[in-house]
Structures are given as C-alpha cells and as structure tokens.
Amino acid sequence: MTSAELIASAPAIFGGILLVDFLRYFIAASVVYLLVWHLFAKPLAGRKILSDPPKPGQMWREFKHSMVTVVIFASFGFSIFVLYQLGLTRIYEAAETHGPLWFWSSLAVILIVHDAWFYWTHRLLHRPWWFARFHSVHHQSVHPTPWAAYSFHPVEAMIQALFYVGFVMLVPMHPTMMFVFVSVMIVRNVAGHSAYELMPWRAASRGGLRWLLTNSHHHFHHARGQGNFGLYFTGWDRWMGTEDRAYIDNGDWRFLDGDPQIRGNQSSDLQGRGKKTARAQV
C-alpha cells in the first residue's frame with residue numbers, strides 16, 4: 001500500500017478497527033452480564049463474591065469510561081496497521097513462515113509476557129501519585145460489574161495499549177493469533193469483573209489450577225485494594241508476596257461445600273471488609 005493509498009483509506013480503516021474493538025467489548029460484556037447477572041443469577045447465587053450491589057449509576061459510568069478506552073485501543077490498533085504497512089512490525093501472514101510450533105506457542109508467549117506487563121504496570125498505578133491521578137478511575141467500582149472491564153483513565157488505557165504495539169514490533173505474530181489474544185484478553189477482563197466466581201474454587205486456590213487467576217482474586221483487589229495485581233496468573237503475586245492475605249485466608253469459604261452457617265459467617269466478615277474504599281498500595 002502506497003502512502004497516498006494509506007492516507008486515503010485511513011478513515012475507513014480506523015472506523016473498521018474502532019467498530020471491531022467496540023463490538024468485542026460490548027458483546028463480551030453483554031453476554032456475561034446477561035448470563036451471570038440475569039439468566040443464571042439464581043443458580044449462581046451461592047457463588048456471588050460479596051453481596052454489595054452496584055452503586056446508582058455505576059454501570060453507566062463504567063460504560064462511558066470504557067467507550068473512551070475503546071477509542072484509545074482502536075487508535076493504537078490503527079498505529080499497528082500503519083507500522084505494519086511500513087514494515088516496522090514482526091507480523092507475518094503466511095502461517096508456515098515460522099512453522100506450526102511457533103504459530104500455536106505464540107499465544108502462550110504473549111499471554112505470559114502480557115501478564116508480566118500488566119502486573120508491573122498495575123503495581124506502578126497503585127503508587128500514590130499514579131493512583132490518585134489515573135488508576136482511581138477504575139477503582140471507583142469497589143464492587144465492579146462486567147461493564148468495568150475497560151473502565152480506565154485515558155492514561156491507563158494508553159499504558160495498556162502500548163504493550164501490544166511494542167510486542168508486535170519485537171515478536172513474530174500471525175494475525176489469527178493476534179485476534180485470539182485480544183479475544184482472550186477481553187473475555188478474561190469481563191469475566192474477572194463479573195462479581196461471581198466461575199471457577200472450581202478448591203482446584204483454583206490450592207489445587208492444580210492455583211496458578212490461574214480467579215474472579216474472586218481480582219474482586220478482592222477492587223474491594224480491598226491490598227495486592228492481587230495479576231491478570232491471567234497468580235505467579236507474580238505469589239513470587240513478589242503481593243497476594244491479599246484475606247483472600248488466601250478467607251476467600252475460599254465463600255465457595256466450599258459444607259455448613260451454610262460457616263459460609264454465612266465468613267461472608268459477613270468479608271462484606272464488612274469489602275466496604276472499605278480501595279486505596280493506593282505498592
């Protein structure tokens with residue numbers, strides 16, 4: 001594509017990227033919201049993380065902030081397209097270029113690297129100066145809903161979007177895996193803000209799935225603001241000692257089989273803790 005053709009087609013290309021980014025967010029948030037909060041609300045009632053309802057106007061606020069993020073993400077997506085046209089990325093179209101092993105492995109690589117990027121930038125955003133100016137927007141949702149997935153300050157949205165640009169400039173990625181990655185990212189983000197634990201708790205907290213980040217892991221982060229900085233995995237929180245102690249000690253009682261009275265006592269204790277406003281923490 002020549003420079004003239006790129007300039008002429010830029011509005012249509014950006015509009016297409018913007019539409020895809022919006023639909024990815026809107027469809028994922030709508031599906032999770034309708035399924036978890038409405039269609040299966042009764043069967044999942046015992047798996048709700050803290051009973052505090054959303055504040056009045058919260059979901060509309062989350063949606064409005066998310067729309068700004070969608071525009072920012074689309075802008076960075078368009079920049080990737082331009083960089084690709086200029087030959088400045090490692091994006092490749094022929095699947096055989098790097099072989100089938102890398103084609104499939106690249107998804108695991110980008111998820112692992114993105115998890116590290118998110119953990120360390122998230123910790124930075126919890127430093128008092130950064131939190132007060134930027135990250136507090138996301139933490140206005142003490143008990144978030146699926147619509148909070150992209151509810152960021154514009155600066156935070158740009159920090160997260162920078163990862164994708166940098167990654168495709170350094171690491172070979174096929175467009176199919178790029179699409180799979182952003183799809184996994186939004187589904188994980190929406191589900192993680194759903195306010196319901198959807199994973200098998202025993203396996204996730206102490207069993208074979210303990211390295212996967214549960215919805216309650218991130219919900220505790222919103223409710224208490226004391227650790228739990230990861231996105232996909234718990235590894236960095238475990239290695240750096242930033243996993244919320246209350247989550248480790250008490251969170252599992254919400255989902256264990258057994259005496260309802262025990263679960264009720266633990267639930268009341270956590271609800272009291274959850275009313276604290278999330279605060280900045282390194």
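Here the structure is a predicted model, which is why all the values come from computation and not from measurement.

A. Structural detail: helix α2 (residues 58–85). For α2, with 28 residues, the first-to-last C-alpha span of 41 Å sits near the 40 Å given by 1.5 Å per residue. Following α2 by one or two positions, Gly-87 has its phi on the positive side, about 75°.

B. Representation of the packing of α2 against helix α5 (residues 154–170). Two elements in contact, α2 and α5, have axes separated by 9 Å at closest approach and are oriented at 25°. When the axis of α2 is compared with that of α5, the two are roughly parallel. Handedness of the crossing formed by α2 with α5: right-handed. On the side of α2, the interface is formed by Val-68, Thr-69, Ile-72, Phe-73, Phe-76, Ser-79, Ile-80 and Leu-83, while α5 contributes Pro-154, Ala-157, Met-158, Gln-160, Ala-161, Leu-162, Tyr-164, Val-165, Val-168 and Met-169. Per-class residue counts for the contact of α2 with α5 are 15 nonpolar, 3 polar and no charged.

C. Geometry of the nonpolar core. Core analysis: the biggest nonpolar cluster contains 46 residues, and Tyr-25, Ile-110, Tyr-150, Tyr-164 and Phe-181 have the highest contact counts within it. Of all elements in the fold, only α1 (3–39), α2, α3 (99–125), α5 and α6 (175–192) reach the threshold of two or more residues within this core. If we skip the residues at most four places from it in the chain, Tyr-164 touches Ile-80, Ile-110, Met-178, Phe-181 and Val-182. Residues Ala-10, Ile-13, Ile-17 and Phe-78 belong to the second largest nonpolar core, which totals 5 residues.

D. Broad picture of the pattern of salt bridges. Per the stated rule, a full pass over the model turns up 1 salt bridge. Residue Asp-21 is joined to Arg-24 by a salt bridge in which the shortest nitrogen-to-oxygen separation is 2.2 Å. Placement of the pair is Asp-21 and Arg-24 together in helix α1, with a separation of 3 residues, close to one helical turn. For the pair Asp-21 and Arg-24, a shared accessibility class is recorded, and that class is buried.

E. Representation of a nonpolar patch on the surface in the model. On the surface, a cluster of nonpolar side chains totalling about 700 Å² of accessible area is made up of Leu-19, Leu-23, Phe-26, Ile-27, Val-31, Leu-35, Leu-39 and Phe-40. Mapped onto the fold, Val-31 is located in helix α1. Residue Val-31 is classed as partly exposed on the basis of its relative accessible area of 41%.

F. Focus on helix α8 (residues 215–224). Counting buried residues along α8, 10 of its 10 residues qualify, which places the element largely inside the surrounding structure. Those residues of α8 lying buried are Asn-215, Ser-216, His-217, His-218, His-219, Phe-220, His-221, His-222, Ala-223 and Arg-224. One or two residues past the end of α8 sits Gly-225, with phi positive at roughly 65°.

G. Region of the structure containing unusual backbone geometry. Positive phi outside glycine occurs at Ala-195, with the angle close to 75°. Mapped onto the secondary structure, Ala-195 falls in the loop between α6 and α7 (201–205). Owing to a relative accessible area of 3%, Ala-195 belongs among the buried residues under this scheme. A positive phi angle is found at Asn-228, which is not glycine, with a value near 60°. Note that Asn-228 resides in the loop between α8 and α9 (235–240). A relative accessible area of 0% places Asn-228 in the buried class.

H. Focus on the confidence of the model for the protein. On average, residues of the protein score 85 in pLDDT, and 84% of them are at 70 or above. The lowest-confidence element of the protein is helix α11 (residues 260–274), averaging 39 in pLDDT; the highest-confidence one is α5, averaging 97. Every residue in residues 255–282 is under pLDDT 50, and counting partners more than four places away or in other chains gives 63 contacts.

I. Expanded view of the packing of aromatic side chains. One pass over the structure, following the stated rule, counts 29 aromatic pairs. Seen in terms of ring centroids, Tyr-25 and Tyr-150 are 5.5 Å apart; in terms of plane orientation they differ by 15°. Their pairing is stacked. Within this pair, whereas Tyr-25 is found in helix α1, its partner Tyr-150 is found in the loop between α4 (128–133) and α5, the two being separated by 125 residues in sequence. Residue classification places Tyr-25 among the buried positions, given a relative accessible area of 0%. Note on Tyr-150: relative accessible area 2%, which makes it buried. Ring geometry for Phe-103 and Trp-104: centres 5.0 Å apart, planes at 90°, overall edge-to-face. The ring of Tyr-196 carries the charged tip of Lys-48 above its face, separated from the ring centre by 5.7 Å. The ring centre of Trp-211 lies 5.0 Å from the NZ or CZ of Arg-238, which sits over that ring.

The rules behind these values
Sequence positions are assigned chain by chain, starting from 1 and proceeding in written order. Thresholds applied to this predicted model are a pLDDT of at least 70 for local features of residues and 80 or more for the giving and counting of side-chain atom pairs; totals over whole chains, interfaces and linings are not thresholded and use all residues. The side-chain values count all of the structure's non-hydrogen atoms but skip hydrogen atoms and water molecules. The secondary structure listing takes helices from DSSP runs of H or I that are at least 4 residues long and strands from runs of E that are at least 2 residues long, numbered from the N terminus. Residue count minus one, scaled by 1.5 Å, sets the expected span of a helix. Structural elements are reduced to axes, namely lines fitted to C-alpha atoms, with helices fitted over the stretch in contact, and the angle between N-to-C directions of any two is expressed from 0 to 180 degrees. Throughout, the term roughly parallel applies to angles under 35 degrees, roughly antiparallel to angles over 145, roughly perpendicular to angles from 65 to 115, and oblique to all others. Should the near helix be turned anticlockwise from the far one by less than a right angle, the crossing is termed left-handed; should it be turned clockwise, right-handed. Whether two residues touch is decided by their heavy atoms; if any such pair falls within 4.5 Å, the residues are in contact. Put simply, Ala, Val, Leu, Ile, Met, Phe, Trp, Tyr, Cys and Pro go in the nonpolar bin, Asp, Glu, Lys and Arg in the charged bin, and everything else, Gly too, in the polar bin. For the purposes of this section, nonpolar cores are sets of buried Ala, Val, Leu, Ile, Met, Phe, Trp, Tyr and Cys residues that join through side-chain atoms within 4.5 Å. Only protein chains enter the accessibility calculation, which uses a 1.4 Å probe. A residue is then buried if its area is under 20% of the maximum for its type, exposed if over 50%, and partly exposed in between. Take a side-chain nitrogen of Lys or Arg and a carboxyl oxygen of Asp or Glu: if they are within 4 Å of each other, that pair is a salt bridge. Here a patch means residues that are over 30% exposed by relative accessible area and free of salt bridges, tied together within 9 Å if like-charged and within 5 Å if nonpolar (Val, Leu, Ile, Met, Phe, Trp, Tyr). Here, Shrake-Rupley sampling with a 1.4 Å probe gives the accessible areas, and only protein chains in the shown set may cover a residue. Confidence of the prediction at every residue is given by pLDDT, a number between 0 and 100. Aromatic pairing here means that ring centres of Phe, Tyr or Trp (its six-membered ring) are within 6.5 Å. Orientation follows from the plane angle: under 30 degrees is stacked, over 60 is edge-to-face, and everything else is tilted. By the criterion adopted, a ring carries a charge over it if an Arg CZ or a Lys NZ lies within 6 Å of its centre and within 35 degrees of its normal.

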